[in-house]
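Report on the structure
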Amino acid sequence: MHNKELEIKAYNIRKNALTAVYSAASGHPGGSLSIADLMAVLYFDELNIDPADPDMEDRDRFVLSKGHCSPALYGTLAERGYFPIDDLKRFRQVDSNLQGHPEMKHISGVDMTTGSLGLGVSAACGMALSGKIYKKNYRVYAVLGDGEIEEGQVWEAAMYAAHYKLDNLCIFVDSNGLQIDGPTADVMNSDPIDKKYEAFGWHVIKIDGHNYDEIKAALAEAKTIKGKPTAVVMKTVKGKGVSYMENQVSWHGSAPNEEQYNQAIAELDAHIAQLGR
Amino acid sequence: MAKKATREAYGEALRDLADKYDFVVLDADLAAATKTGTFKKAHPERFFDTGIAEGNMMSVAAGIATTGKVVFASSFAMFAAGRAFEQIRNSVGYPHLNVKIGATHAGITVGEDGATHQCLEDVGLMRSIPGMVVLSPADSIESKACVEFAINHNGPVYLRFSRMAVEDVFDEATYKFELGKGNLLKDGKDVTIMSTGIMAGFALQTAELLKNQGINARVISMASIKPIDEDIIVKAAKETGAIVTVEDHSIIGGLGTAVAEVLAEKSPAVLRRIGTQDTFGRSGKPADLFKYFKMTPEDIQEACMDAIKNK
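Residues numbered from 1 in each chain as written. Chains lettered and ligands numbered in written order. Predicted model: local features only at pLDDT ≥ 70, side-chain atom pairs only at ≥ 80, totals over all residues. Heavy atoms only, no water.

Remarks on the environment of Gly182 of chain B
Residue and element names in this part refer to chain B. Examined against the element boundaries, Gly182 turns out to sit in the loop between β6 (157–160) and β7 (183–186). When its relative accessible area of 14% is taken as the criterion, Gly182 is described as buried. Residues Gly182 and Gly155, 27 residues apart in the sequence, show an inter-C-alpha distance of 21 Å. When sequence neighbours within four positions are dropped, the list of residues in contact with Gly182 reads Ile220, Ser221, Met222, Asp229 and Ile232. (Helix = DSSP H or I, 4+ residues; strand = E, 2+ residues; numbered from the N terminus. Buried < 20%, exposed > 50% of the residue type's maximum accessible area, 1.4 Å probe, protein only. Contact = heavy atoms within 4.5 Å.)

Have a look at this one:
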């Protein structure tokens, strides 16, 4: 798919994510907006998946290890046709399957239950290992936060994936530089992320997480790497696409009010209109 | 009779069932001790060490299970149920995945390694996870049956094995495992001794001691702690009026607690609980530790007499 089309998809994913968070009056918009461009490329250009057959045995797998950004995942799955976009308005409601954090048993298209940080990437390793054991050609993708990687289990998984040469595994670290309590540099400095993964034996690619050519190139390069997993460290802007949310830590886990929501949708619609011209 | 540890039977069962069923085995650098090494030796292509990283192991196991495979993940009970509790709850329990946790070295019978390695809380922890089956087999025969059951069961199973060798209490020719069913080892009418895991031998010995006093004790072995056999508990309460639970675990959260819950709601009866009290374990030989923590057949006998007296 052309970059321009993907970018429109990403803005729709952003609108979907914000609609979910606004409707629930809770959820995590900041880190959902920062990964929207990647989600668009994965789900509309890269993954071998079929919304009509969500459990297809040899499908590519996706694990949102930073599970609190479920609005981005649900927004993407709805946009891709796994379930009606209208369902997003019941996000986090007691009569809805759209749990606050991704839940695999009742939400079409969710490959792994996540939410507790650090656990998802290990599960992605298990999926990749199973692919190796049973000689399957699917690939496994996971997205981690740059705050999430403060969890020790992330590095247990890093050691594990390199040890078992899981070259069918490609992770993305969403390096937006902010976590709930403030800048990652102040709360618990996780830099240099690239050198850490290199030291653990991974192939590392550094990209701008909002540049479609770079995202596509990274995905293509990862497929050529044999004998080791790939970590794509992508520099992103938390809250990307909504002017008042960009780089503001306060939007990590709070919902917009009606006025703020309407402004956000107007801004995103304006971006889409500009791209559509 | 030759003695065998249930962990030995676990490793042998994995090895022997490998041709019949498709499953993989993970261990966190304790294969020689948990006896998954027995499986590894026979089927190295289906064995994967995760190194000393139990949390990662449980989530990796969950990931493998999402691809439709059965996975065994093994470590000592302390590091499986204890250290990796949250991974088991969130990666395995919540999505109800086909991960079978083979936890060995449960209880004070770990012996000399002492309190850090003697898990006395695992049954309580695992029992509290929705959908988790908790099994604590009594001997090598029941252990093998529990492993085969776990492979065929759809969902997570916690299997509790011990380090100390014990004599078999079941007959391989006639034994059949049934989920949620206790096993009557000896009938009796004056008091019921209800054990789980390798304490079945002590329960039977206690019944012999009581017989010398003219007391006819019923002995029941409860491998299936969750789901628990409510019927056999209620029947014992009604027919014998007094129950003494026996477990190599804390009396808080384990079999004693599970039985107390049933009695309180369904059929109140006098209850005494043998196990570790609100305390950590300590180093020592298992036989000495049983004396130290008042868990010998003589201690159980005393608890039975007290229970009978208070009917």
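On we go from here.
Comments concerning the domain arrangement of chain B
When the parts of a complex come together, some accessible area is lost, and that lost area is often taken as the interface size. Residues and elements named next belong to chain B. As assigned here, chain B comprises domain 1 (4–166) and domain 2 (183–309). Between the C-alpha centres of domain 1 and domain 2 the distance comes to 25 Å. In this assembly, 32 residues from domain 1 lie in contact with 33 residues from domain 2. Interface area lost by domain 1 to domain 2 is led by Ile108, Leu120 and Arg127, which between them contribute 31%. In this structure, Glu261 and Arg127 form a salt bridge, with 3.0 Å as the shortest nitrogen-oxygen distance. Connecting domain 1 to domain 2 are 20 residue pairs in polar contact (both at pLDDT 80 or more). Taken together, the elements giving at least two residues each to the side of domain 1 that touches domain 2 come down to α7 (122–127) and β5 (133–135). With 4 residues, α7 is the largest single contributor of residues to the side of domain 1 that touches domain 2. Looking at the side of domain 1 that touches domain 2 residue by residue, the class counts come to 15 nonpolar, 10 polar and 7 charged. (Domains from an automatic or database assignment. Buried area = accessible area lost by both parts, 1.4 Å probe. Salt bridge = Lys/Arg side-chain N within 4 Å of Asp/Glu carboxyl O. Polar contact = N/O pair within 3.5 Å; in protein donor to acceptor, adjacent residues only side chain to side chain. Nonpolar A, V, L, I, M, F, W, Y, C, P; charged D, E, K, R; others polar.)

Digging into the packing of aromatic side chains
With the rule as written, the count across this model stands at 18 aromatic pairs over all chains. Note on Tyr244 of chain A and Trp251 of chain A: the rings are 5.4 Å apart at their centroids and 65° apart in plane angle, and the pair reads as edge-to-face. Its relative accessible area of 9% is what places Trp251 of chain A among the buried residues. A connected cluster of aromatic rings, assembled from ring pairs, spans Tyr10, Phe23, Phe39, Phe72 and Phe161 of chain B. The ring of Tyr138 of chain A has Arg61 of chain A sitting right over it, with the charged end atom 4.3 Å from the ring centre. The ring of Phe44 of chain A has Arg80 of chain A sitting right over it, with the charged end atom 5.7 Å from the ring centre. (Phe/Tyr/Trp six-rings, centres within 6.5 Å; stacked < 30°, edge-to-face > 60°. Lys NZ or Arg CZ within 6 Å of the ring centre and 35° of its normal.)

Focus: the sheet that holds strand β8 (residues 191–195) of chain B
Residues and elements named next belong to chain B. Taken in spatial order, the 5 strands line up as β7-β9-β8-β11-β12 in an open sheet, and their pairing is mixed. The open sheet has two edge strands, β7 and β12 (270–276), and neither has a second partner. The average undirected angle you get between the axes of adjacent strands in this sheet is 25°. Sheet topology note: the strand β11 (residues 242–250)/β12 ladder contains 6 bridges and is parallel. Bridge pairing links Ile243 to Leu271 in β12. (Pairing = 2+ DSSP bridges. Axes fitted to C-alpha atoms, helices over the stretch in contact; angles between N-to-C directions.)

Regarding the pattern of salt bridges
Pairing between side chains of opposite charge can happen when their charged atoms approach one another. Residues and elements named next belong to chain B. A full pass over the atoms with the stated rule returns 26 salt bridges over all chains. Residues Lys266 and Glu230 are paired through a salt bridge, measuring 2.5 Å at the closest nitrogen-oxygen approach. Linking Lys266 in helix α11 (residues 255–266) with Glu230 in helix α10 (residues 230–240), this pair joins segments that are 36 residues apart in sequence. By relative accessible area, Glu230 is classed as partly exposed at 34%. Taken together, the shared-partner salt bridges in this structure form one network comprising Asp187, Arg218, Lys235 and Glu239.

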